[in-house]
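For reference, the chains in residue letters:
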Amino acid sequence: VSYADDERPMPMWFKTRVNQEFMKFALRGISILVASGDDGVSGSGARTNRQACSSAMPMFPASSPWVTAVGGTMLAKAASPVCQYTSTSVVVSCHVDGEVSCDSSKGGGI
């Protein structure tokens, strides 16, 4: 599944219903792999507000106990030439704590 949204503002009824369906798959022995998100641990708020980097914002459905979240993180010891790189399809930003967050307008994380 290549869909994710910030978990906190998402309606509880929606998360409950989706989790019920995921649970049905799990009971049948079917694994569901979900993209962990494009914006790192801080969620999409970190794109425009660096203060959002001080707290975690889980992504749903990656946070569901009935799926396997798949993704990757690249850590940087210090700012490097890749930080603040921008093109028409990819934005790379380095947050204060050294996490490099990549975002692609083509869908799916890098």
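Rules and cut-offs
Residues numbered from 1 in each chain as written. Predicted model: local features only at pLDDT ≥ 70, side-chain atom pairs only at ≥ 80, totals over all residues. Heavy atoms only, no water. Core = buried A, V, L, I, M, F, W, Y, C linked by side-chain atoms within 4.5 Å. Buried < 20%, exposed > 50% of the residue type's maximum accessible area, 1.4 Å probe, protein only. Contact = heavy atoms within 4.5 Å. pLDDT = per-residue confidence, 0-100. Helix = DSSP H or I, 4+ residues; strand = E, 2+ residues; numbered from the N terminus. Salt bridge = Lys/Arg side-chain N within 4 Å of Asp/Glu carboxyl O.

Caption draft 1: Expanded view of the nonpolar core. M10, V18, F22, I32, V34, F60, A62 and V67 form the largest nonpolar core, which has eight residues in total. The residues contacting A62, other than those within four sequence positions of it, are V34, A35, S36, V67 and A69.

Caption draft 2: Expanded view of the confidence of the model for the chain. Counting all residues, the mean pLDDT for the chain is 72, and 53% of those residues have values of 70 or more. Within the chain, the lowest mean pLDDT, 48, falls on strand β7 (residues 99-104), and the highest, 94, falls on helix α1 (residues 12-27). In the model, residues 102-110 has pLDDT below 50 throughout and makes 19 contacts with residues more than four positions away in sequence or in other chains.

Caption draft 3: Representation of the pattern of salt bridges in the model. Scanning the model with the defined rule gives two salt bridges in all. A salt bridge links R17 to E21, with the shortest nitrogen-to-oxygen separation between them at 3.2 Å. Placement of both R17 and E21 in helix α1 is noted, with a separation of four residues, approximately one turn of the helix. On the accessibility criterion, E21 (27% relative accessible area) is partly exposed. Within the structure, one salt-bridge network assembled from shared partners comprises R17, E21 and K24.

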